[in-house]
Amino acid sequence: MIRFLRYIAFLVVSVAVGQTSNPELEVKKTIDTFFEGFHKGDTILMKSVLSDKIVLQTAVKDRQGKDKLLTEELMELTLAIGNRPADQKWDERLLDYKIQVDGNMAHAWTPYEFWFNGQFSHCGVNSFQLFQEDGDWKIIYLIDTRRKQGCRD
């Protein structure tokens, strides 16, 4: 009987450990879903992983070399992606994922290259802030950089 109870306890622990989630993998999947929608022009798929209150920003240098912080509304982004001409291919290639999670908050740092119709355009990094609500990770903040120099060292 003792062996039987140990066996049952082992099975329960094994199943529980096997079902433990991997938050870093879940965050990566959320980001991958965002870019799947981005590449397909599927704004509904993109919005499925975005918070309604998302903040979208870009840190750039203007023509005079001054640092600028640009803020974009979600509607502007989804209109640009949803209305992208069929002959345009936007390909943002993520080069790496550095993900940190603490409870229901996560940060992901994703260097990228952007290709337009098969031609290299620019590079930079995306910084995602995510919040887990009711078991789902949502992107609440996205800021990126964009540059043409220092991309392929």
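Here the structure is shown first, and the text comes after it.
Residues numbered from 1 in each chain as written. Predicted model: local features only at pLDDT ≥ 70, side-chain atom pairs only at ≥ 80, totals over all residues. Heavy atoms only, no water.

### A closer look at the environment of Ile139
Defined as follows: Put simply, DSSP H or I for four residues or longer makes a helix, DSSP E for two residues or longer makes a strand, and each gets a number counted from the N terminus. To sort residues, take the accessible area from a 1.4 Å probe on protein chains only and compare it with the maximum for the residue type: under 20% means buried, over 50% means exposed, and anything in between is partly exposed. Contact definition: two residues touch when any of their heavy atoms are within 4.5 Å.
Along the chain, the position of Ile139 falls in strand β7 (residues 136–145). Overall, Ile139 belongs to the buried group, its relative accessible area being 0%. On a C-alpha basis, the gap between Ile139 and Phe128 in space is 6.7 Å, while along the polypeptide they are eleven residues apart. The residues contacting Ile139, other than those within four sequence positions of it, are Thr30, Phe34, Val49, Leu50, Ser51, Ile54, Phe128, Gln129 and Leu130.

### Focus: helix α4 (residues 74–82)
An α-helical turn contains 3.6 residues, so any two residues separated by three or four positions project in the same direction. Just so we agree on the cut-off: Picture the helix axis, draw a direction to every C-beta atom, and the arc is the one those directions span.
Leu74, Leu77, Thr78 and Ile81 are the residues of α4 that are buried. One side of α4 holds all its buried residues, which, seen down the axis, span an arc of 90°. Buried residues along α4 sit in contact with α2 (23–40), α3 (43–47), β1 (50–61), β2 (67–72) and β3 (90–94).

### Looking at the state of the cysteines
Note the following rule: Disulfide: a pair of cysteine sulfur atoms within 2.5 Å of each other.
As enumerated under the stated definition, the model contains one disulfide in all. At a sulfur-sulfur separation of 2.0 Å, the disulfide partner of Cys123 is Cys151. The S-S bond linking Cys123 to Cys151 shows a torsion near -80°; that makes this disulfide left-handed. Taken together, the positions of Cys123 in strand β6 (residues 119–133) and Cys151 in the segment after β7 put the pair 28 residues apart, joining distant regions of the chain.

### Examining the pattern of salt bridges
Where charged atoms of side chains with opposite charge meet at close range, the side chains can pair. The line we're drawing: Here a salt bridge means any side-chain nitrogen of Lys or Arg lying within 4 Å of a carboxyl oxygen belonging to Asp or Glu.
Summed over the entire model, instances satisfying the criterion amount to six salt bridges. Between Asp67 and Lys61 there is a salt bridge, and its shortest N-O distance comes to 2.7 Å. Overall, the relative accessible area of 60% leaves Asp67 in the exposed class. Across the salt bridge formed by Asp96 and Lys98, the nearest N and O atoms sit 3.3 Å from each other. On the basis of relative accessibility, which here comes to 46%, the residue Lys98 falls in the partly exposed class.

### A few points about α2
For clarity, the threshold we go by: Residue count minus one, scaled by 1.5 Å, sets the expected span of a helix. Think of a polar contact as two N or O atoms within 3.5 Å of one another; within protein, one of them needs to be a possible hydrogen donor and the other a possible acceptor, and neighboring residues in sequence only count if both atoms come from side chains.
For α2, built from 18 residues, the straight-helix expectation of 26 Å at 1.5 Å per residue is met to within 8% by its first-to-last C-alpha distance of 26 Å. Within the sequence span of α2, burial applies to Val27, Thr30, Ile31, Thr33, Phe34, Phe35, Gly37 and Phe38. The backbone nitrogen of Glu24 has a side-chain oxygen 3.2 Å away, supplied by the residue at the start of α2, namely Asn22. One or two steps after α2, the chain reaches Gly41, where phi turns positive at roughly 75°.

### Remarks on the side chain of Glu113
Looking at the secondary structure, you find Glu113 in strand β5 (residues 105–116). Reaching out from Glu113, the side chain makes a polar contact with the side chain of Trp115 at a distance of 3.3 Å. Each residue touching Glu113, except ones within four places of it in the same chain, is listed here: Asp91, Glu92, Arg93, Leu95, Phe120, His122, Cys123 and Arg152.

### Notes on the pairing of β6
Heads up, the rule is: Being paired, for any two strands, means DSSP has found at least two bridges between them.
Bridge count between β5 and β6: twelve bridges; the pairing is antiparallel. Looking at the pairing, Pro111 lines up with Val125 of β6. Here β5 hands over to β6 after two residues, with Asn117 in that stretch at a positive phi of 50°. Between β6 and the antiparallel strand that follows it, β7, lie two residues; Asp134 among them carries a positive phi value of about 55°.

### Observations regarding the layout of surface pockets
The criterion, for reference: Definitions used throughout: a 1 Å grid over protein atoms alone; a cavity as a set of points that fits a 1.4 Å probe which cannot get out; a pocket as an open set with protein on both sides within 12 Å along at least five of seven lines; a lining residue as one with an atom within 4 Å of a point. Grid points are joined across faces, edges and corners, and a volume is the space filled by probe spheres set on the points. Only Asp, Glu, Lys and Arg are considered charged, only Ala, Val, Leu, Ile, Met, Phe, Trp, Tyr, Cys and Pro nonpolar, and every remaining residue, Gly among them, polar.
Here the largest pocket is characterised by a volume of approximately 480 Å³. Forming the walls of the largest pocket are 20 residues, and the residues nearest its centre are Phe38, Glu72, Leu77, Asp144 and Arg146. Among the secondary structure elements, those contributing two or more residues to the lining of the largest pocket are α2, β1, β2, α4, β3, β5, β6 and β7. Of the residues that constitute the lining of the largest pocket, the class distribution is eleven nonpolar, five polar and four charged.

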